[in-house]
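Results of the structural survey
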Amino acid sequence: MRGINLLLLSRSCLFIPVLFFCAAPASAYIDPGAGSYVVQVVIALLVSAGFAVKTFWQQIKNFFAGSADDAAHGKNK
Amino acid sequence: MEKTNRQDASFRDPAGFLFASGGILYRQVNAVYRPDYELLLSSGLYAALAGKKLLIPHDETDLPCPGADGFRVIRPEKVPFISYPYEWCFSQLKAAALLTLEVQKLALAHGMTLRDASAYNVQFHKGQPVFIDTLSFAKRAEGSPWAAYGQFCRHFLAPLALMAKTDLRLNCLSRDFIDGVPLDLASSLLPLRTWLDFSLLSHLHFHAKASGHYGRPGAAPRKQEMSGFSLDALLDSLEGAVKKLAFPGVKTEWGDYYAETNYSEAAFEAKKLLVSDFIEAASPQTLWDLGANSGEFSRLASAKNISTLAFDSDPVAVEKNYRAVSARKDERLLPLLADLANPAPGTGWANRERASLAARGPADCVMALALIHHLAIGNNLPFEELAGYFASLGRDLIIEFVPKEDSMARFLLSAREDVFPKYAQKDFEAAFSGYFAVLKQAQIPGSGRTLYLMRKL
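Thresholds applied
Residues numbered from 1 in each chain as written. Chains lettered and ligands numbered in written order. Predicted model: local features only at pLDDT ≥ 70, side-chain atom pairs only at ≥ 80, totals over all residues. Heavy atoms only, no water. Pairing = 2+ DSSP bridges. Helix = DSSP H or I, 4+ residues; strand = E, 2+ residues; numbered from the N terminus. Buried < 20%, exposed > 50% of the residue type's maximum accessible area, 1.4 Å probe, protein only. Arc of directions from axis to C-beta. Polar contact = N/O pair within 3.5 Å; in protein donor to acceptor, adjacent residues only side chain to side chain. Domains from an automatic or database assignment. Contact = heavy atoms within 4.5 Å. Buried area = accessible area lost by both parts, 1.4 Å probe. Salt bridge = Lys/Arg side-chain N within 4 Å of Asp/Glu carboxyl O. Nonpolar A, V, L, I, M, F, W, Y, C, P; charged D, E, K, R; others polar. Phe/Tyr/Trp six-rings, centres within 6.5 Å; stacked < 30°, edge-to-face > 60°. Lys NZ or Arg CZ within 6 Å of the ring centre and 35° of its normal. Core = buried A, V, L, I, M, F, W, Y, C linked by side-chain atoms within 4.5 Å. Axes fitted to C-alpha atoms, helices over the stretch in contact; angles between N-to-C directions.

**Looking at the pairing of strand β5 (residues 70-76) of chain B**
As defined by bridge partners, strand β3 (residues 24-30) of chain B adjoins β5(B) across four bridges and the pair is classed as antiparallel. Residue pairing across strands places Arg27(B) opposite Ile74(B), the latter belonging to β5(B).

Written out as structure tokens, the structure is:
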């Protein structure tokens, strides 16, 4: 858990300099939607690997939980 | 068809609109939305959402469409009271955020997506948050990002982060910013330590900067594409960000009110019996408990199957009440945040999109226990003003008069000059007799307080 926290913290630190390249105050004639499109693509890119591992791990847990359920179900027959 | 009334909350939506006819609320589905509406049903998404009680169920009707370009009229299940995000406590807003993400995940799994992620699409119904906008779903074009991502961050993540990390009272920003808290404002109000939290750094701070940069004329980036897996990853990240935000440990003036009052346990129980008796005498179907604190007395009404709203201005008290409602699975009680000295006004376009508190009434019965001294002494509001406002909110009134000699009234007077020579029981009765007739009256044992049941003249 501590390792994951450190990983997240270091990811935040690496991410901060990126902000200064796109710093701009809000004003009229701004379409906030365009920024949201870019941001979600970037964030999805950054979190996809972790999500893949999480999903894979969940599938393994579900597989064994399913096997255990099947075994329990069979025993009750 | 009888005379129809278009509802002001839905006039922005090209997919359809809400209208009332014969006291029943309907929604017209416009022809332009027909393909998406039919996909909602044929894809199994509607059945999945309604089955899990995530979306308000509806019936299709044979009624003619009252508006131009109509395709069908549907009748959604009635939500008795429409509340707004700025009236919700922290956990209510968090529950609404998680519901919206769950709805979007299920929509993606059925080849659809949420067109918008407005917090106004969620209502609290039978003790649970539920999505109410049946026309928010659209077919997802292959590779398209989530168009409502920015709105989700403004309506949910930004106010939740501000409440958790800066100040619990900042949910009030949602009242002024009807399309959600601007991200640059949220970013500037959040403490520096949130820059070390990847979720808040990316979804709020970076998002705010990028919105300013790419939103300028000519700076829009080329078309972005996202796979379904990337969208799932984004939603998982948002869900993690919301779940991680915790209710801040704060102590407020009235958060421990019941532990700090001058009531003995016996007097408190006697007051409960009296209030319960007065509620039964009024026999209401709807009751608004004003200044409800954490809902101890509101529960007397909801336990009688009365649809009850418990209003308080203290976000900690409302939070406590909501947690108790959730734990007890109380379907008849809805705790809400409201400052009666400054109740929710009509907001949005022409002040008509979101109704004022009074416009969402009246209730059959209004209850104002241990409240009059806060409004009259704490806020300098004359009895005549209070009587008039209470009369506009409901038919019957259960009200407790707290004399100046009471310890809680003395506490209010301790830090201010006593400029309230007309704060006496006879003045109270004279002012309220202009609007109400007293049906019942009783002394609360063990206190100098008096409880009244009044009916509007």
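What follows picks up the thread again.
**Looking at the pairing of strand β14 (residues 394-401) of chain B**
All names here are of chain B. Of all eight residues in β14, seven are buried, a share of seventy percent or more. Sheet analysis places strand β13 (residues 363-368) next to β14, joined by five bridges and oriented parallel. Directly across from alanine 363, in β14, lies its bridge partner glycine 394.

**With respect to helix α15 (residues 407-414) of chain B**
Residues three or four positions apart in an α-helix share a direction because the helix packs 3.6 residues into each turn. All names here are of chain B. When α15 is considered as a whole, its buried residues turn out to be Met408, Ala409, Leu412 and Leu413. In a view along the axis of α15, the buried residues occupy a sector of 140°, so they form one face of it. Among the residues of α15, the N-terminal cap falls to aspartate 406, whose side-chain oxygen and the backbone nitrogen of methionine 408 are separated by 2.9 Å.

**Quick word on the domain arrangement of chain B**
Residues and elements named next belong to chain B. Along its sequence, chain B is carved into domain 1 (85-244) and domain 2 (265-456). Summarising the inter-unit geometry, the C-alpha centres of domain 1 and domain 2 are found 35 Å apart. Contacts between domain 1 and domain 2 engage 17 residues on the former and 21 residues on the latter. Roughly 1700 Å² of surface becomes buried between domain 1 and domain 2 when both sides are summed, with 57% attributable to carbon and sulfur atoms. Here arginine 360 ties to glutamate 87 by a salt bridge, and the two come within 2.7 Å at their closest N and O atoms. It is helix α3 (residues 90-109) that contributes the most residues to the side of domain 1 that touches domain 2, four residues altogether. Of the residues in the side of domain 1 that touches domain 2, the class split is ten nonpolar, three polar and four charged.

**Some remarks on the pattern of salt bridges**
Opposite charge on two side chains permits them to pair, given that their charged atoms come into close proximity. Residues and elements named next belong to chain B. In this structure the tally under the stated criterion is 24 salt bridges over all chains. The partner of lysine 272 in a salt bridge is glutamate 296, with the nearest N and O atoms 3.0 Å apart. Separated by 24 residues along the polypeptide, lysine 272 in helix α10 (residues 265-282) and glutamate 296 in the loop between β10 (286-290) and α11 (298-302) bring together distant segments of the chain. With a relative accessible area of 17%, lysine 272 lands in the buried category. For aspartate 427, the salt bridge identified is with lysine 426, shortest N-O distance 3.6 Å. A cluster of three or more residues bridged by salt bridges with shared partners is formed by Lys271, Glu400, Asp406 and Arg449.

**Thoughts on the packing of aromatic side chains**
Residues and elements named next belong to chain B. Taken as a whole, this structure holds 26 aromatic pairs over all chains when the rule is applied. An angle of 40° between the planes, with centres 5.1 Å apart, marks the rings of phenylalanine 152 and phenylalanine 156 as tilted. One end of the pair, phenylalanine 152, and the other, phenylalanine 156, are both in helix α4 (residues 149-165), four residues apart, so they sit about a helical turn from each other. Each member of the pair, phenylalanine 152 as well as phenylalanine 156, is classed as buried. Aromatic pair phenylalanine 383 and phenylalanine 428: ring centres 5.7 Å apart, planes at 80°, arrangement edge-to-face. In this pair, phenylalanine 383 is assigned in helix α14 (residues 383-393) and phenylalanine 428 in helix α16 (residues 425-432), connecting sequence segments 45 residues apart. The pair formed by phenylalanine 383 and phenylalanine 428 is uniform in burial state, with each residue classed as buried. Between the NZ or CZ atom of arginine 6 and the centre of the ring of phenylalanine 17, over which it lies, the distance is 3.6 Å.

**Observations regarding unusual backbone geometry**
Residues and elements named next belong to chain B. With an omega of -5°, the peptide bond running from glycine 361 to proline 362 counts as cis. Phi at serine 283 is positive, roughly 50°, even though this residue is not glycine. Serine 283 gets classed as exposed once you look at its relative accessible area, which sits at 56%. We note that asparagine 380 has phi near 55°; this positive angle belongs to a residue other than glycine. Here asparagine 380 lies in the loop between α13 (372-378) and α14.

**Considering the side chain of Ser199(B)**
Residues and elements named next belong to chain B. On the secondary structure map, serine 199 appears in helix α7 (residues 198-214). A residue is classified by how much of its surface remains accessible, and serine 199, at 10% relative accessible area, is buried. Leaving out residues up to four positions away in the same chain, serine 199 has contacts with Leu204, Ala241 and Lys244.

**A few points about the nonpolar core**
Of all hydrophobic cores here, the largest spans 118 residues; its most connected members are Phe137(B), Trp146(B), Ile372(B), Phe383(B), Phe390(B), Ile399(B) and Phe432(B). Both domains that furnish three or more residues to this core are identified here as domain 1 (85-244) and domain 2 (265-456) of chain B.

**Let's talk about the sheet that holds β5(B)**
All names here are of chain B. Judged by pairing direction, the sheet is antiparallel, and its five strands sit side by side in the order β1-β2-β3-β5-β4 without closing on themselves. Edge strands, defined here as strands with exactly one partner in the open sheet, are β1 (5-6) and β4 (58-60). Of the strands in this sheet, β3, β4 and β5 touch helix α1 (residues 34-42), which is tilted by about 45° from β5.

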